[in-house]
Amino acid sequence: MMAFGGLLALGLLAMAVLGVTGAGIGIYALISNRMPGRWLGKTVRNPRLWGIGILFMVSSVAFVSWTPFIVGLGITVIGHAVKPTG
């Protein structure tokens, strides 16, 4: 049976892996203006905006606040829906 400390360590490890993965994908989308993978490439219309939204969402863990998460979620949804102009 896993003690509370072991369960807490497992949760922190999962959060760290998700944070690093999200930050990596967000930076890749922001810099290259492309999405990794077929599914994301087909569904995301504005990769740079999507990448900024994901980076906001990941930063909410560092700031321990819901505000960057909500702002990032809105930017990510806009990145899915809005085509880039120009």
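Structure: above.
A. Up close: unusual backbone geometry. Of note in this structure, Asn33 is not a glycine but carries a positive phi near 60°. Here Asn33 shows up in the loop between helix H1 (4-32) and helix H2 (38-43). One non-glycine residue with positive phi stands out, namely Val64, at about 50°. The residue Val64 is located in the loop between helix H3 (47-63) and helix H4 (67-81) in this model.

B. Fine view of the packing of H1 against H3. In the contact formed by H1 and H3, the axes pass within 7 Å of each other and the chain directions differ by 155°. Here H3 runs roughly antiparallel to H1, going by the angle between their axes. Note on packing geometry: the crossing formed by H1 with H3 is left-handed. Judged by residue contacts, Met15, Gly19, Gly22, Ala23, Ile25, Gly26, Ile27, Ala29, Leu30 and Ile31 of H1 engage Pro47, Arg48, Trp50, Gly51, Ile52, Ile54, Leu55, Val58 and Val61 from H3. Looking at the contact of H1 with H3 residue by residue, the class counts come to 14 nonpolar, four polar and one charged.

Definitions and cut-offs
- Residues numbered from 1 in each chain as written.
- Predicted model: local features only at pLDDT ≥ 70, side-chain atom pairs only at ≥ 80, totals over all residues.
- Heavy atoms only, no water.
- Helix = DSSP H or I, 4+ residues; strand = E, 2+ residues; numbered from the N terminus.
- Axes fitted to C-alpha atoms, helices over the stretch in contact; angles between N-to-C directions.
- Parallel < 35°, antiparallel > 145°, perpendicular 65-115°, else oblique.
- Left-handed = near helix turned anticlockwise from the far one by under 90°.
- Contact = heavy atoms within 4.5 Å.
- Nonpolar A, V, L, I, M, F, W, Y, C, P; charged D, E, K, R; others polar.

Any functional reading would require information beyond the geometric quantities listed.
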